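Examining the three-dimensional arrangement
Residue strings, one per chain:
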Amino acid sequence: DPDVKLATPEPSNGKMSHEEYGPVRRIPFKGIRKRTAEAMKHSYDTIPHVWHAEDVDVTELFEVVTAQRPVAESQGIKLTPLAFIVRAVVSALKQFPEVNSALDEASNEIVLKEYYHVGIAVDTEHGLLVPVVRHADQKSILQIAREIQRLVERAKSREIELEELQGGTFTLTNVGVIGGTHATPIINPPEVAIVAIMAARETPVVQQGQVRVRRIMPLVIAFDHRVLDGAKVARFMNHNKQLLEDPMRMLVELV
């Protein structure tokens, strides 16, 4: 209708008078929040993101974690499925080294990293921090769990050192501890992929013609399409799925 007048959006130039529409409260946009925003904007603006999702049956995994938790607690370790996921990811990264790489645009080279430093995104009251589990391929599942526990505590208490936040080759963000069935994570440069771990929920699943209740955990990977193609990423995720759905095999083969 030509007689209908649409409101023109006000320019976001810092001079908008938000207060004229109602009461507001202002907080400084600085520190960790501002640095995170700048890094995420740069990532999203410069990297062609593609997302791929996979549902993983973690029924047996949760049973193993529950059974082994007292052993871990006797050593002062909080055992969670996240330690197993880190271990599975490392195995998959070894099988698909391009996922554990970086793109060096200055030299026109893909840098395949032969070390495995897995970043764990931690939600703190001061903002998002990503401490790094270094040499995750050289650690047992209990050692990984202990290291995650140490890094999370240091991140939340703001005792984390800058060097503990650097050098990651791949990142995991555990959205599932809060909730959610799907996400579109943003890659943490110079890495080329990140996996979001979603909430594991009891779900009716058809197996051999019968409906059974299983615990299903969606995993969502974002990857840099300049470096990785969809078929390779799908195989990478299938490798993770096979290990997480058979955790005893992972214990035997990887620890």
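This text follows the structure it describes.
Some details on the overall build of the chain
- Counting its secondary structure elements, the chain contains six helices and ten strands.
- Principal-axis analysis of the C-alpha atoms gives the chain an extent of 70 × 50 × 40 Å.
- Restricting to contacts in the chain with at least 6 residues of sequence separation, those with at least 24 account for 62%.
- Approximately 14,800 Å² of the chain is accessible, and the part contributed by carbon and sulfur atoms is 51%.
- Distance between charge centres in the chain, computed from 30 positive and 34 negative side chains, equals 3 Å.

As for the packing of helix α3 (residues 81–95) against helix α4 (residues 141–156)
- Packing of α3 against α4 brings their axes to within 9 Å, and their N-to-C directions diverge by 115°. Crossing hand, α3 versus α4: right-handed. Contacts from L82, A83, F84, V86 and R87 in α3 reach I141, I144, A145 and I148 in α4.
- Within the contact of α3 with α4, the residues separate by chemical class into eight nonpolar, no polar and one charged.

Focus on unusual backbone geometry
- Cis geometry is found at the peptide bond from P189 to P190, where omega equals 5°.
- Relative to the helices and strands, P190 resides in the loop between β7 (170–173) and β8 (193–197).
- The phi torsion at N108 lies on the positive side, around 55°, for a residue other than glycine.
- Here N108 shows up in the loop between β2 (101–104) and β3 (109–112).
- Residue classification places N108 among the exposed residues on the basis of a relative accessible area of 71%.
- Here R158, not a glycine, exhibits a phi torsion of approximately 65°, which is positive.
- Relative to the elements of secondary structure, R158 occurs in the loop between α4 and β7.
- Residue R158 is classed as exposed on the basis of its relative accessible area of 54%.

Here we look at the nonpolar core
- Ranked by size, the top nonpolar core spans 53 residues in total, and within it F170, L172 and F236 carry the most contacts.
- Secondary-structure elements contributing two or more residues to this core are α2 (59–73), α3, β4 (118–124), α4, β7, β8, β10 (210–224) and α5 (230–244).
- Among the elements that take part in this core, α3 stands out by supplying ten residues, more than any other.

Analysis parameters
- Residues numbered from 1 in each chain as written.
- Predicted model: local features only at pLDDT ≥ 70, side-chain atom pairs only at ≥ 80, totals over all residues.
- Heavy atoms only, no water.
- Helix = DSSP H or I, 4+ residues; strand = E, 2+ residues; numbered from the N terminus.
- Contact = heavy atoms within 4.5 Å.
- Areas by Shrake-Rupley, 256 points an atom, 1.4 Å probe, with all protein chains shown as cover.
- Lys, Arg positive; Asp, Glu negative; His and termini not counted.
- Charge placed at Lys NZ, Arg CZ, Asp CG, Glu CD.
- Axes fitted to C-alpha atoms, helices over the stretch in contact; angles between N-to-C directions.
- Left-handed = near helix turned anticlockwise from the far one by under 90°.
- Nonpolar A, V, L, I, M, F, W, Y, C, P; charged D, E, K, R; others polar.
- Buried < 20%, exposed > 50% of the residue type's maximum accessible area, 1.4 Å probe, protein only.
- Core = buried A, V, L, I, M, F, W, Y, C linked by side-chain atoms within 4.5 Å.

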